[in-house]
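What follows is the residue order along each chain.
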Amino acid sequence: LGAIAGAVFWFSSIWWILRVTWAGMIAVCLYCALFTAAFAWAAAFVLRLPRMRGRFWSFGPLLAWPALWVGFEFLRANLFSGFSWNLLGTALCRNLVVAQHAEWGGVFLLSFIAALPSVGLALTVVRFSKGRQALRVPHLELWAPILLVAICFHAGRARFERFRSRSANLTIAAVQPNVPQFQKWDDSFAPLIYDRLTTGTGMALAKDKPDLLIWPETAVPDYLLFSRAGFDLVAGFAARGIPMLVGSLHYTVEEEKPHYYNSSFLFLPG
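Reading the values: rules and limits
Residues numbered from 1 in each chain as written. Predicted model: local features only at pLDDT ≥ 70, side-chain atom pairs only at ≥ 80, totals over all residues. Heavy atoms only, no water. Helix = DSSP H or I, 4+ residues; strand = E, 2+ residues; numbered from the N terminus. Rg over C-alpha atoms; globule rule 2.2 N^0.38 Å. Buried < 20%, exposed > 50% of the residue type's maximum accessible area, 1.4 Å probe, protein only. Contact = heavy atoms within 4.5 Å. Areas by Shrake-Rupley, 256 points an atom, 1.4 Å probe, with all protein chains shown as cover. Lys, Arg positive; Asp, Glu negative; His and termini not counted. Charge placed at Lys NZ, Arg CZ, Asp CG, Glu CD. 1 Å grid on protein atoms, 1.4 Å probe; cavity = no way out; pocket = protein on both sides within 12 Å on 5 of 7 lines; lining within 4 Å. Points joined across faces, edges and corners; volume = space filled by probe spheres on them. Nonpolar A, V, L, I, M, F, W, Y, C, P; charged D, E, K, R; others polar. Axes fitted to C-alpha atoms, helices over the stretch in contact; angles between N-to-C directions. Parallel < 35°, antiparallel > 145°, perpendicular 65-115°, else oblique. Left-handed = near helix turned anticlockwise from the far one by under 90°. pLDDT = per-residue confidence, 0-100. Pairing = 2+ DSSP bridges.

Trainee: What am I meant to see in the overall build of the protein chain here?
Mentor: Helices and strands together make up the secondary structure of the protein chain, namely eight helices and four strands. Put simply, the protein chain runs from its N terminus to its C terminus through helices and strands in the order α-α-α-α-α-β-α-α-β-α-β-β. Its C-alpha atoms give the protein chain a radius of gyration of 24 Å, clearly above 18 Å, the size a compact globule of 270 residues would have. Principal axes of the C-alpha set define a box for the protein chain whose edges measure 75 × 50 × 35 Å. Burial analysis of the protein chain (270 residues in total) assigns 34% to the buried set. In the protein chain, of all internal contacts separated by at least 6 residues, the share reaching a separation of at least 24 is 61%. Accessible surface for the protein chain amounts to roughly 16800 Å². Of this, 65% is attributable to carbon and sulfur atoms. Between the averaged position of the 23 positive side-chain charges in the protein chain and that of its 15 negative side-chain charges there is a distance of 20 Å.

Trainee: Would you take a moment to explain the layout of surface pockets for this structure?
Mentor: Approximately 820 Å³ is the volume found for the largest pocket. The wall of the largest pocket is formed by 19 residues, among which Trp16, Trp85, Gln181, Glu217 and Thr218 lie closest to the centre. Residue composition of the lining of the largest pocket, by class: 11 nonpolar, five polar and three charged.

Trainee: Help me out: how do you make sense of unusual backbone geometry in this one?
Mentor: Phi is mostly negative for residues that are not glycine, and the peptide bonds are mostly trans. Unlike most non-glycine residues, Glu255 shows phi in positive territory, near 55°. Looking at where Glu255 falls in the secondary structure, it is placed in the loop between strand E3 (244-254) and strand E4 (257-267). Even without glycine at this site, Glu256 takes up a positive phi of about 65°. Its location among the elements puts Glu256 in the loop between E3 and E4. Note on Glu256: relative accessible area 78%, which makes it exposed.

Trainee: Is there a simple way to think about the packing of helix H3 (residues 59-78) against helix H4 (residues 102-129) in this case?
Mentor: Across the interface, H3 lies against H4 with an axial gap of 8 Å and an inter-helix angle of 140°. In terms of their interaxial angle, H3 and H4 are classed as oblique. Classified by chirality, the crossing of H4 by H3 is right-handed. The residues of H4 that touch H3, namely those facing Pro61, Leu62, Leu63, Trp65, Pro66, Ala67, Val70, Glu73, Phe74 and Ala77, are Phe108, Ser111, Phe112, Ala115, Leu116, Val119, Gly120, Ala122 and Leu123. A class-by-class count of the residues in the contact of H3 with H4 yields 16 nonpolar, two polar and one charged.

Trainee: Where do I start with the confidence of the model for the protein chain in this structure?
Mentor: Reading predicted coordinates in detail is not appropriate for stretches of low pLDDT. Averaged over every residue, the pLDDT of the protein chain is 89; residues scoring 70 or more account for 95%. Between the elements of the protein chain, mean pLDDT differs from a low of 81, seen in helix H6 (residues 181-184), to a high of 96, seen in helix H1 (residues 2-13).

Trainee: Sorry if this is basic, but what is going on with the pairing of E4 here?
Mentor: Moving residue by residue along a regular strand, the side chains alternate between the two faces of the sheet. Pairing geometry for E3 and E4, over 11 bridges, is antiparallel. Counted as the bridge partner of Gly247 is Ser264 from E4. In textbook terms, the turn of a hairpin is the stretch between consecutive antiparallel strands, and for E3 and E4 this stretch comprises two residues, one of which, Glu255, has a positive phi near 55°.

Trainee: Looking at this structure, I do not really get the sheet that holds E3. What am I missing?
Mentor: What holds strands together in a sheet is hydrogen bonding between their backbones, with the strands either parallel or antiparallel. Strand order across the open sheet formed by four strands is E1-E2-E3-E4, with mixed pairing between neighbours. The open sheet has two edge strands with one neighbour each: strand E1 (172-174) and E4. Neighbour to neighbour, the strand axes of the sheet diverge by 35° on average, direction disregarded. Packed on one face of the sheet, helix H8 (residues 228-238) meets strand E2 (212-215), E3 and E4 and runs near 140° to E3.

Below, the structure is given as structure tokens:
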């Protein structure tokens, strides 16, 4: 069941990889589904342990299941170079209050916080499936996560308000060239891509002078630090007094062997 759930999730969420390769998409989806299957097996194993009896049996899974989920996410994000897409904690990226806790444990701590209420709800369903006696016991496995999440909200809001009281307003402009995948690395389309970046940046600067200008991941169609056209274009905008954060491929050569990186570069005026 874990493998099926994982396959359904991954095939519906990273279908865009098929634009690069069908075989690659299928392989990545099935590979990622293995981690969901492993989590499901481990969660069932915890539930069947002999000590999972008595009035407070649910506190074991309440702590173990989110920890297992985060553990398998960590393995997926790092094993064999890692595939860190769609970590559960990224669902909280727009909840700036709870996201403050990333300071203490990164996105994996946010995954743990996000998993807790779901685990509490699942354990409550398991309790009710055991019979009517579930109606007569306090469902601490449901209330404990709610209390903990409430504490996270309160602590995060307090820290967020302290941070906001000391910060100034910043204007950030993001330029999205929106280049189709089949054009991305075709040299014949490089002038078109640079033209889109130039036009979009010009529109952003005409509206207001931002404090930071961002070009997204692999925005330029070549290696920025080794491309005269790309470097001159960025340097020209930076010379107008606007810091730029630019996404680009990059490579280094060590012992006559190239190493390729998906990088970003910050250009400051001057």
